[in-house]
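# An overview of the molecular structure
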Amino acid sequence: MRFHFPLYSSSSFSLFSDFTFISSLPLIFSSSHFSPFISMAPAFEPLSPPHQEAEPQTATPHHADTVNNFGNDGQVVSKSKVTVVGSGNWGSVAAKLIASNTLKLNSFHDEVRMWVFEETLQTGEKLTDVINKTNENVKYLPGIKLGKNVIADPDLDNAVKDANMLVFVTPHQFMEGICKRLVGKVRGDVEAISLIKGMEVKMEGPCMISNLISEQLGINCSVLMGANIANEIAVEKFSEATVGYRDNREIAEQWVKLFSTPYFMVTPVQDVEGVELCGTLKNVVAIAAGFVDGLEMGNNTKAAIMRIGLREMRAFSKLLFSSVRDSTFFESCGVADVITTCLGGRNRKVAEAFARNGGKRSFDDLEAEMLQGQKLQGVSTAREVYEVLSHRGWLELFPLFATVHEICVGRLPPSAIVEYSEKKPRLSLLEDPACYQ
Ligand SMILES: NC(=O)C1=CN([C@@H]2O[C@H](COP(=O)(O)OP(=O)(O)OC[C@H]3O[C@@H](n4cnc5c(N)ncnc54)[C@H](O)[C@@H]3O)[C@@H](O)[C@H]2O)C=CC1
Ligand SMILES: O=C(CO)COP(=O)(O)O
C-alpha cells in the first residue's frame, strides 16, 4: 500500500523536531489578541481536594440572589455562583460534576444554573421542564441524575445574571450568537472557562472560542480540555483533564477546585492556546481515524494516523501561537484526548459510517441519524483549519488535516486518507525555510 503522507515517511528530516524555522515563518495571525480582563477574581481559598473539604451543606437549591454566607468562625464568606451555559451531552455532565462540588465546598453557592437551548420533546413537554422535574437531561444524557441543585433555565439572560463563574460548553458553532446575546448581560467581576472544542475563522484569521468569549464580553476566559468522553465521566469512571490558564494561577486553582472529584483529576497548565488547540484539532484527527476504521485498515494504520495527527496538531498550534508549549501535548488535553477520541468518540463513529458508505451519505445526514441532536465538531473544524492552511499557503505542510477536509467535502474518496494523492507534496518547502520569506 502506498501512503498519502510521504512528508513524514522514513526521512531523517523532521518537520516538527525543530521549530526554529517554523517560528521564523511570517505570521499574519497575532499570537496574542487577548483583551486585558477587567474582572476581579472571586474570593479564593487554598487549593485542597474537594472531597476533603469540611462540612457538606444542604442539598436544597437556593434561589436567593445573595452570594454571602457565614463561615465556621462567623465571618462572612463570599460565595461564587456558577452558571453552565450549555446542556448537551458534555454540558450536562459538566453541570453534574460541578454541582457535586458546590454542595461540598463552602466557597461556592449550592445552586448551579444550567442554560438550556429550549426544545420541545416528542412528548410535547419542554426539555427544561423535564430536566427540572426529573433531574435528568432525558435527551442528551438519559439515565443520569444531575444533582438536585442543578436548575435548568431556558432564559439565557436570567441564567447568567447573578453568576461570577461562567462555564461555556455548547457546540462551537453556536458560540458567536450566544456571545452576541450576552454582551452587557454578565457581571463585571465574572470569570469564564470554556469547555468548547472548536474555533472560528474570521477575516483577521483564526479565533479560538475562549478568545471570542474574552473579546466579545470583555472578560477573562480559561479553558478545560482533556480525554473526556462525557458518557464515561457521567458514570464516574476515572479520567483526567487539563485547565489552561493565562497568567493568574489562583483563578486556575479555583477552576481546578470546582471541577475536581476523586474520579476527575484536573491539572492546571499555563498555556491557554496550547490546551484549547489540542482539544480543537484532535477532532480532525478523530475524523481521519474514523475513515481508517470504516476502511478496516487495522490498528497499525490507526496508530499512524494518531501519531501523524498529533505532530500536525503541534506544528499548527505553534505556527499560530509561538507561546504554545511542547509539554502541553503530553497532558490529558493532548495525546490522551487524541487516543480516547480516536477510539471512542462521536467524530470517529460518524466518520467510520461515512467511509463505510463510500462517502455517498453526507456528514449532516449521518450526524442527524446517529447522534440524535448531538453535534460533531470535527467536520467544521477541518474546514476552518483548511481555510487557515490555504490562506497561508501551508496546505502542503499539513497533508492529514488538508486531506480530511477534502474527503469530508467529497473532493477525495475516503481511501485518500492512506493513499498517495496525485499531487506530490513539495518537500523543498519544508527543507528550505527561505521559501516562506
Ligand atoms: N460530548 C463529549 O463527550 C464531549 C464534548 N466536548 C465538547 O463540548 C462542547 C459541547 O458538546 P456537548 O455538550 O456534547 O454538546 P452536544 O454535542 O450534545 O450538542 C447538543 C447541544 O447543542 C444545543 N444546541 C442545538 N442547537 C443550538 C443552537 N442553535 N444554539 C445553541 N445551542 C444549540 C442543544 O440544545 C444541546 O444542548 C463541544 O465543543 C464538544 O466538542 C468536550 C469533551 C467531551
Ligand atoms: O472531546 C471528546 C472526548 O474528549 C469527545 O469527542 P467526540 O465529540 O468525538 O465524541
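Residues numbered from 1 in each chain as written. Chains lettered and ligands numbered in written order. Predicted model: local features only at pLDDT ≥ 70, side-chain atom pairs only at ≥ 80, totals over all residues. Heavy atoms only, no water.

As recorded in an unreviewed UniProt entry, the protein goes by the name Glycerol-3-phosphate dehydrogenase [NAD(+)], listed as coming from Gossypium tomentosum. In its Catalytic activity (unreviewed entry) section, the UniProt entry covering the protein states "sn-glycerol 3-phosphate + NAD(+) = dihydroxyacetone phosphate + NADH + H(+)". Per UniProt, the comment on the protein under Sequence similarities (unreviewed entry) is "Belongs to the NAD-dependent glycerol-3-phosphate dehydrogenase family." (UniProt positions renumbered as here; feature names shortened; annotations may be inferred.)

### Some details on the sheet that holds strand β14 (residues 264-269)
Taken in spatial order, the 8 strands of this open sheet run β7-β4-β3-β8-β9-β12-β13-β14, and their pairing is mixed. Edge positions in the sheet fall to β7 (150-153) and β14, since each has one partner strand and no second. Sheet twist, expressed as the mean angle between neighbouring strand axes with direction ignored, is 25 degrees. Relative to strand β4 (residues 108-115), strand β3 (residues 80-85) runs parallel, the two sharing 5 bridges. Counterpart to V82 in the pairing with β4 is V112. Here helix α3 (residues 127-134) sits on the sheet in contact with β4 and β7, set at roughly 165 degrees to β7. (Pairing = 2+ DSSP bridges. Helix = DSSP H or I, 4+ residues; strand = E, 2+ residues; numbered from the N terminus. Axes fitted to C-alpha atoms, helices over the stretch in contact; angles between N-to-C directions. Contact = heavy atoms within 4.5 Å.)

### Let's talk about the packing of aromatic side chains
This structure, assessed with the given rule, holds 8 aromatic pairs. Between the aromatic rings of F291 and F354, the centroid separation amounts to 5.8 Å while the plane-to-plane angle is 45 degrees, which identifies the pairing as tilted. Of this pair, F291 sits in helix α9 (residues 272-294) while F354 sits in helix α12 (residues 346-356), placing them 63 residues apart in sequence. Each of the two residues, F291 as well as F354, counts as buried. (Phe/Tyr/Trp six-rings, centres within 6.5 Å; stacked < 30°, edge-to-face > 60°. Buried < 20%, exposed > 50% of the residue type's maximum accessible area, 1.4 Å probe, protein only.)

### Side note on the pairing of β3
Among the 6 residues in β3, 6 count as buried, and that is most of the element. Along β3, one buried face is formed by S80, V82 and V84 and the opposite face, lined by K81, T83 and V85, is buried too. Note that the unit made of β3, helix α2 (residues 89-104) and β4 has a crossover that is right-handed. Pairing analysis gives 4 bridges linking β3 to strand β8 (residues 165-168), with the strands arranged parallel. Its bridge partner being in β8, V84 is matched across the sheet by V167. (Right-handed = clockwise from strand over helix to strand, strands pointing away.)

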